[in-house]
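Topology and contacts: notes
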Amino acid sequence: MFSSNDIDITFDAAAVENLRDISFSENGEQIDTTVIGDVYKLWEEGTVDLEATLEVLGQSSLARGAVGDLVFTFPDGSSPITLADAKIFTREVKGSLDSEFTTSLTFKKARV
């Protein structure tokens, strides 16, 4: 498991190993609700887009299209970051001369 700062990450209940980098974002669409007569622009939040990206050293056995729960567990045992029904939408393998190969996996919430 990835233990930087003692955070463990699992996908579909299996430990994700050899992690190099992680990111998680929650981005809501911004809906302009301003009407004539408003002094300032007014906004509402629309649909939220959840996305996580994991960078793994070397090849990963995780395949594009795989679906499962992506869970970040913190040292106190809490899991404030959980992406249920996460699907791997992007799998990118890269490397360069005299450098290690890495696999980048991008997860988004899927309709199951």
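In case you missed it, the structure is sitting above this.
Note that the structure is predicted; figures quoted are calculated from it, not measured.

Along the chain, the regular secondary structure elements total zero helices and seven strands. Taking 112 residues into account, the globule formula puts the C-alpha radius of gyration at 13 Å, and the chain, at 18 Å, lies well above it. Dimensions of the chain along its principal axes, counting C-alpha atoms only, are 60 × 40 × 30 Å. Looking at the chain as shown, the accessible area adds up to about 7,500 Å², and 48% of this sits on carbon and sulfur atoms. Of the side chains in the chain, 9 bear a positive and 20 a negative charge, and the two mean positions are spaced by 9 Å.

Turning our eyes to something else, we now look at the pairing of strand β5 (residues 67–73). Where strand β1 (residues 8–11) and β5 come together, four bridges link them in antiparallel fashion. Along β5, the bridge assignment pairs Phe 11 with Leu 70. Relative to strand β6 (residues 81–94), β5 runs antiparallel, the two being bridged by five bridges. When the bridges of β6 are listed, Val 67 appears paired with Lys 87.

What counts, and where the lines are drawn
- Residues numbered from 1 in each chain as written.
- Predicted model: local features only at pLDDT ≥ 70, side-chain atom pairs only at ≥ 80, totals over all residues.
- Heavy atoms only, no water.
- Helix = DSSP H or I, 4+ residues; strand = E, 2+ residues; numbered from the N terminus.
- Rg over C-alpha atoms; globule rule 2.2 N^0.38 Å.
- Areas by Shrake-Rupley, 256 points an atom, 1.4 Å probe, with all protein chains shown as cover.
- Lys, Arg positive; Asp, Glu negative; His and termini not counted.
- Charge placed at Lys NZ, Arg CZ, Asp CG, Glu CD.
- Pairing = 2+ DSSP bridges.

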